[in-house]
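Results of the structural survey
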There are 4 protein chains.
Amino acid sequence: MHIGFIGLGQMGTGMVRALLRAGQTVTVFNRTRSKAEALASAGARVANEPRETLGGDAVVTMLADDAAVSAIAHAILPELPARTVHVSSSTISPALVRELAGDHRARGRRFVSVPMLGRPDVAEQGKLFAIAAGDRRVLDELRPMLDAMAQRTIVVGDAPEAANIVKLACNTLIATIIEALGETSALVAKSGVVERSQFFDVLLATVLSAPTFRPYGEHVRDGSFAPGFRLPLALKDIELVLGTAREHEVAMPVVSVIRDHMLEAMAAGLGELDWGALALVSRRAAGLDTRS
Amino acid sequence: MHIGFIGLGQMGTGMVRALLRAGQTVTVFNRTRSKAEALASAGARVANEPRETLGGDAVVTMLADDAAVSAIAHAILPELPARTVHVSSSTISPALVRELAGDHRARGRRFVSVPMLGRPDVAEQGKLFAIAAGDRRVLDELRPMLDAMAQRTIVVGDAPEAANIVKLACNTLIATIIEALGETSALVAKSGVVERSQFFDVLLATVLSAPTFRPYGEHVRDGSFAPGFRLPLALKDIELVLGTAREHEVAMPVVSVIRDHMLEAMAAGLGELDWGALALVSRRAAGLDTRS
Amino acid sequence: MHIGFIGLGQMGTGMVRALLRAGQTVTVFNRTRSKAEALASAGARVANEPRETLGGDAVVTMLADDAAVSAIAHAILPELPARTVHVSSSTISPALVRELAGDHRARGRRFVSVPMLGRPDVAEQGKLFAIAAGDRRVLDELRPMLDAMAQRTIVVGDAPEAANIVKLACNTLIATIIEALGETSALVAKSGVVERSQFFDVLLATVLSAPTFRPYGEHVRDGSFAPGFRLPLALKDIELVLGTAREHEVAMPVVSVIRDHMLEAMAAGLGELDWGALALVSRRAAGLDTRS
Amino acid sequence: MHIGFIGLGQMGTGMVRALLRAGQTVTVFNRTRSKAEALASAGARVANEPRETLGGDAVVTMLADDAAVSAIAHAILPELPARTVHVSSSTISPALVRELAGDHRARGRRFVSVPMLGRPDVAEQGKLFAIAAGDRRVLDELRPMLDAMAQRTIVVGDAPEAANIVKLACNTLIATIIEALGETSALVAKSGVVERSQFFDVLLATVLSAPTFRPYGEHVRDGSFAPGFRLPLALKDIELVLGTAREHEVAMPVVSVIRDHMLEAMAAGLGELDWGALALVSRRAAGLDTRS
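Summary of the structure given here.

Rules of the game
- Residues numbered from 1 in each chain as written.
- Chains lettered and ligands numbered in written order.
- Predicted model: local features only at pLDDT ≥ 70, side-chain atom pairs only at ≥ 80, totals over all residues.
- Heavy atoms only, no water.
- Helix = DSSP H or I, 4+ residues; strand = E, 2+ residues; numbered from the N terminus.
- Rg over C-alpha atoms; globule rule 2.2 N^0.38 Å.
- Buried < 20%, exposed > 50% of the residue type's maximum accessible area, 1.4 Å probe, protein only.
- Contact = heavy atoms within 4.5 Å.
- Areas by Shrake-Rupley, 256 points an atom, 1.4 Å probe, with all protein chains shown as cover.
- Lys, Arg positive; Asp, Glu negative; His and termini not counted.
- Charge placed at Lys NZ, Arg CZ, Asp CG, Glu CD.
- Polar contact = N/O pair within 3.5 Å; in protein donor to acceptor, adjacent residues only side chain to side chain.
- Buried area = accessible area lost by both parts, 1.4 Å probe.
- Salt bridge = Lys/Arg side-chain N within 4 Å of Asp/Glu carboxyl O.
- Nonpolar A, V, L, I, M, F, W, Y, C, P; charged D, E, K, R; others polar.
- Phe/Tyr/Trp six-rings, centres within 6.5 Å; stacked < 30°, edge-to-face > 60°.
- Pairing = 2+ DSSP bridges.
- Right-handed = clockwise from strand over helix to strand, strands pointing away.
- Expected span 1.5 Å × (residues − 1).
- Least-squares fit on C-alpha atoms with pLDDT ≥ 70 in both.
- Axes fitted to C-alpha atoms, helices over the stretch in contact; angles between N-to-C directions.
- Parallel < 35°, antiparallel > 145°, perpendicular 65-115°, else oblique.
- Left-handed = near helix turned anticlockwise from the far one by under 90°.

This next bit is on the overall build of chain A. Each helix and strand counted, chain A has 13 helices and 9 strands in total. Whereas a compact globule of 292 residues would reach a radius of gyration of roughly 19 Å, chain A reaches 20 Å, a difference of no more than 12%. For the C-alpha atoms alone, the extent of chain A along its principal axes is close to 65 × 45 × 30 Å. Within chain A, the proportion of its 292 residues that are buried is 62%. When contacts within chain A are restricted to residue pairs at least 6 apart in sequence, long-range pairs at least 24 apart make up 64% of them. Taken as a whole, chain A presents about 9900 Å² of accessible surface, with 49% of it coming from carbon and sulfur. Each charge sign in chain A was given a centre, from 31 positive and 32 negative side chains, and these centres are 3 Å apart.

So, on to the side chain of R259 of chain D. In this structure, R259 of chain D sits in helix α12 (residues 253–267). A distance of 2.9 Å separates a polar atom in the side chain of R259 of chain D from a polar atom in the side chain of E239 of chain D. When sequence neighbours within four positions are dropped, the list of residues in contact with R259 of chain D reads L242, G243 and R246 of chain B together with L235, I238, E239 and L242 of chain D.

Counting from both sides, the interface comprises 60 residues of chain A and, opposite them, 60 residues of chain B. Both faces combined, the contact of chain A with chain B buries some 5100 Å², and carbon together with sulfur accounts for 77% of it. Ranking the residues of chain A by area buried against chain B places L173, L187 and V207 of chain A at the top, with a combined share of 13%. Here R136 of chain B and E195 of chain A are joined by a salt bridge, their closest N and O atoms 2.6 Å apart. The set of elements that each furnish at least two residues to the side of chain A that touches chain B consists of β8 (128–133), β9 (150–157), α8 (161–191), α9 (196–205), α11 (231–247) and α12 (253–267) of chain A. The greatest single-element share of the side of chain A that touches chain B, amounting to 21 residues, is contributed by α8 of chain A. Residue composition of the side of chain A that touches chain B, grouped by class: 39 nonpolar, 12 polar and 9 charged.

Here the structure, examined in full by the defined rule, presents 14 aromatic pairs over all chains. Ring geometry for F213 of chain A and F213 of chain B: centres 6.1 Å apart, planes at 85°, overall edge-to-face. Linking F213 of chain A in the loop between α9 and α10 (214–222) with F213 of chain B in the loop between α9 (196–205) and α10 (214–222), this pair reaches from one chain into another. Here F213 of chain A and F213 of chain B have matching classes, each one buried.

All names here are of chain C. Of all 5 residues making up strand β2 (residues 25–29), 4 are buried, and the element is well covered by its neighbours. Across 5 bridges, strand β1 (residues 2–6) lies against β2 in parallel orientation. From the neighbouring strand, I3 faces β2, where its bridge partner is V26. Between the parallel pair β1 and β2, the chain is carried across by helix α1 (residues 10–21), and the sense of this crossover is right-handed. Looking at chain direction, β2 and strand β3 (residues 45–46) are connected through 2 bridges and run parallel. In the strand pairing of β3, T27 is matched with R45.

Turning our attention to helix α9 (residues 196–205) of chain C. Think of an α-helix as 3.6 residues a turn; residues three or four steps apart then line up on the same face. Among the residues making up α9 of chain C, those that are buried are Q198, F199, F200, V202, L203 and L204 of chain C. Tucked inside the fold, the buried residues of α9 of chain C contact α8 (161–191) and α10 (214–222) of chain C together with β8 (128–133), β9 (150–157) and α8 (161–191) of chain D.

Residues and elements named next belong to chain D. Look at helix α1 (residues 10–21): 17 Å from first C-alpha to last across 12 residues, which is about the 16 Å you get at 1.5 Å a residue. Burial of α1 is extensive: 9 of the 12 residues sit out of reach of the surface. When we look at burial in α1, the residues that qualify are M11, G12, T13, G14, M15, V16, A18, L19 and L20. Check the buried side of α1 and you find it contacts β1 (2–6), β2 (25–29), β7 (116–117), α5 (120–124), β8 and α7 (143–149).

As a further point, take the relation of the copies chain C and chain D. Of the two same-sequence chains, chain C is brought onto chain D (RMSD 0.0 Å, axial shift 0.0 Å) by a rotation of 180°. The relationship between the two copies is best expressed as a two-fold rotation axis. Looking at the rotation axis and the C-alpha trace of chain C, the residue lying nearest is A210 of chain C, at 2.4 Å. A share of 100% of interface residues in chain C that are also interface residues in chain D marks the association as one of identical surfaces.

What follows is about the packing of helix α11 (residues 231–247) of chain D against α12 of chain D. Residue and element names in this part refer to chain D. Close contact between α11 and α12 brings their axes to 10 Å; oriented N to C, the two are set at 150°. Taken together, α11 and α12 sit at an angle that is classed as roughly antiparallel. Here the hand of the crossing between α11 and α12 comes out left-handed. The residues of α12 that touch α11, namely those facing L231, P232, A234, L235, I238, E239, V241 and L242, are V255, S256, I258, R259, M262, L263, A265 and M266. Across the contact of α11 with α12, the residue classes break down as 13 nonpolar, 1 polar and 2 charged.

Next up on the list: the environment of N164 of chain B. All names here are of chain B. Note that N164 resides in helix α8 (residues 161–191). Expressed as a C-alpha distance, the spacing of N164 and A268, which sit 104 residues apart in the sequence, is 30 Å. If sequence neighbours within four positions are ignored, N164 has contacts with S90, I92, P94, V97, S113 and P115. Of note is the side chain of N164, whose polar atom sits 3.4 Å from the backbone oxygen of S90.

The next subject is the environment of L100 of chain A. Mapping L100 of chain A onto the fold places it in helix α4 (residues 94–106). For the pair L100 of chain A and H2 of chain A, spaced 98 residues apart in the sequence, the C-alpha separation amounts to 23 Å.

Let's shift gears to the interface of chain C and chain D. Each side of the interface is counted separately: chain C has 60 residues, and chain D has 60 residues. With both sides pooled, the region where chain C packs onto chain D buries about 5100 Å², and carbon together with sulfur makes up 77% of that total. When residues of chain C are sorted by the area they lose upon contact with chain D, L173, L187 and V207 of chain C head the list and together hold 12% of the total. Counting across the chain C and chain D interface gives 2 salt bridges. Viewed at the interface, chain D and chain C are joined by 14 residue pairs in polar contact (both at pLDDT 80 or more). Elements represented by at least two residues in the side of chain C that touches chain D include exactly β8 (128–133), β9 (150–157), α8, α9, α11 (231–247) and α12 (253–267) of chain C. Residue composition of the side of chain C that touches chain D, by class: 39 nonpolar, 12 polar and 9 charged.

Written out as structure tokens, the structure reads:
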């Protein structure tokens, strides 16, 4: 397939590498051009402007937040050919996805939402989980592309925003595990009688044995939070969850705790770390050293 | 090995069946005698009084709460032979375990703590995880017994209470997942655009893929909460966590949310269900029907 | 003084009546004209369009939310004479007030923020508390107007947004008392041994003796929540608090509890009641009848 | 009246001074004898043992916690004359009060519960609020004594424990105000545009104008937390609230937040300060200096 790809953060870069390795033809655009050029040696064509990514079978947008996606979407929509499907893979608000779906429909253009579940290293291996929503026939057409990026694609609804709601739910479950890991490991540490490595052996063999959770267990165990998914971006997702919860009048008290602890982490200067560093807030509150 | 076993709830019964299938000699006692007799056909000897379970290589106590364990322990300690190790497998407070360890030591008796992780059906298959703490040589002697009940034994410390702290941490992580599952599935349901079965397909393939979490995902998906581990017992564990947290001055806000929601579930008359029913509290709060 | 007044909800209407009774000349505008006409018999001039309210010493805007204030402010700013001070009395986001202050400054126009503390009946008596921020000389000029509406004016800063932050803090303290009243009265009711009226006698003589809190104690005691300040508006304020808290990276866990309970109240269909009805959420959660 | 008084902490000492000033005859006992002797010059008789305080019209017990009250009550009950009413003024668990009421009844002795609301300086002025529960005729007999200590006595039920439930509810409302004061003043401070003293002027004129709350507003404003009611004792009360809430299956999420923040305050070494220092936890979490 011929694929345009806009947005080359850590996740986007990994996804493009997986596409190229699977033999797809990919034209990439990124605001900071150097990130696009870094993919040229792997076979990507580098676009000078967003519109140069259009014209193929699909254009994937993979950007940081609602503002960025909204700006790009409104820039490319007037020039989007009827044959090119706009695949939104960003983790953005269901409300914006609903609006974009309407905008594309009004112009007779095709739009689906396929956010991805997984960390950057998993993206590079083409082993993400694709959460897809939109017109089934359109999603079927995209199969070769999706299969190159994801070990499995699950279609969760006809309205594109359905995929974003499910993606936010998954991120919420991960954030909850990180928070609970912070609280319990603070308790275990303060008890003074448990061998740290053995505690994590138990967790990694049982509750954290899912590949989704395993890295967070290891990061908290080792106290090392090199950025994969940075805290401010994770906070953005949690705010999207709470905003969607307000729209639907759903109380989510654990998510509120997570939000408050993320703010506390930011105020403590941890904003450059991976979101696993959320676990440090409970250590601090318990009066424990947060360096180890 | 010759093993005494006191306490034949769902977990205890499953553990004894696994021991018998592995060829161990087991003498069982239960206050309600019928539960003991139900194991006779599987090869267990039935004791009339707790002291008849003593005299072998080990006596396992597997009872509901601090009060029950304390009563039995003080009843059997004066008659416990030096050769018989007291193995406490109950999920009880670290403070009581510390006290019992001291009582046994003072009388020259051997005491270790080995709570088990897993649900009753896993117990019956001998596939639990054993979380062990205490004297390493004593735990080594118990290997044949532990291997009959658990797929793996992890020693987490020298002080017996260490095992109970780790067990409580694991139960906390499970309760947290149940709570977060309740909150997110209420949001997903109220959005009205996500296919319920597909949402759970995503979860079961990713965040809930660990065998520890899988059953809870299925129960919440199906809205069926036949008791495995009943809510009041789970609440007891959460109270133990918060009590231990108070002792060590550790704030655990997510655990506080869980406690409050468990109380709300009890007040709503859900106390006869499995602790997975904690997830219904968020559905109710969102104004959703809790029957389906 | 000659005063324009835009926005005649319950609070605005009360404030205008107080101004008229103090002998001020007031020209009023409201989108739904009937509310303006209702004030004509009390001496108000009725404007057909917002710009007819301009030209006096001040124009007060008293509207429901950020969107309404932003729309009106941008409509009147181009026609605002240099001599007319724009007095924003709405409870809106500090961020919007900061933006409006900048817009007025850029055009050489004068803008201050003076949100009011008190319920509609207190407004009508001219006994509100005025929380003011902005240029001190401008605020001094407005004295006769402020004294007609408020028993006391307290200037809290030079930046107009300062007044809105303080107003939000006050509303947060009131919401907190309502929530805590809900939790404690549920406990007292469920204990079954306390005489309800005597419990509230204790509260009204002590913790709730401040005029600010007294009405909420009476409403919860009587289970009567006729709308003074409706729940959805109160939720809007709480969202403003949390938005401002995010901006400044401040964790506010009690405010998060309040937000979640307000959403739960909305989902339970209590959105037409006064925000005191927040207290019913704890009653419901405790399994108590919420009708009495 | 002839009154025995056991327990001379800050509150007990203030109450005895008020009794003496009103012309009552008081015999005092305290484990640390020096505190009793300090009252001799004001006219108190000093007892060498608890039983020397018995024999008058009433004996008041005013001790720190359940354990202390239970020990003293069981020590004096066998020697308590029929004519001497046992007046329990301690803030203890409703469950213990229920038990003590039963014990006294079984022996034909009279027992009422009259916890006091107010700080030590108010106790000394005889201006407390007495929250009373028990047999009305007995309480009537005690009028001269209660009037000497309290500006007002409110009878809240026939079961003595009713008074303790109401006392705990009042302390919960005060703790909630302290916590909300901490959260809002952290927000106000971090905004950087509000004049601190003016913010507290607004609060003290409105939401904090009740004499019950005023001191906490002043302490938080001044950042001075000289012990009146120390944090560990306040935490004890909050634990009593949560224990009673568990007994009655009532969820109290704001109280859970307060408990967690009190634990955080203890872990941060603030345990020697007044419970107003709870407000410092939010300042710390916001990254603000907690010294000023």
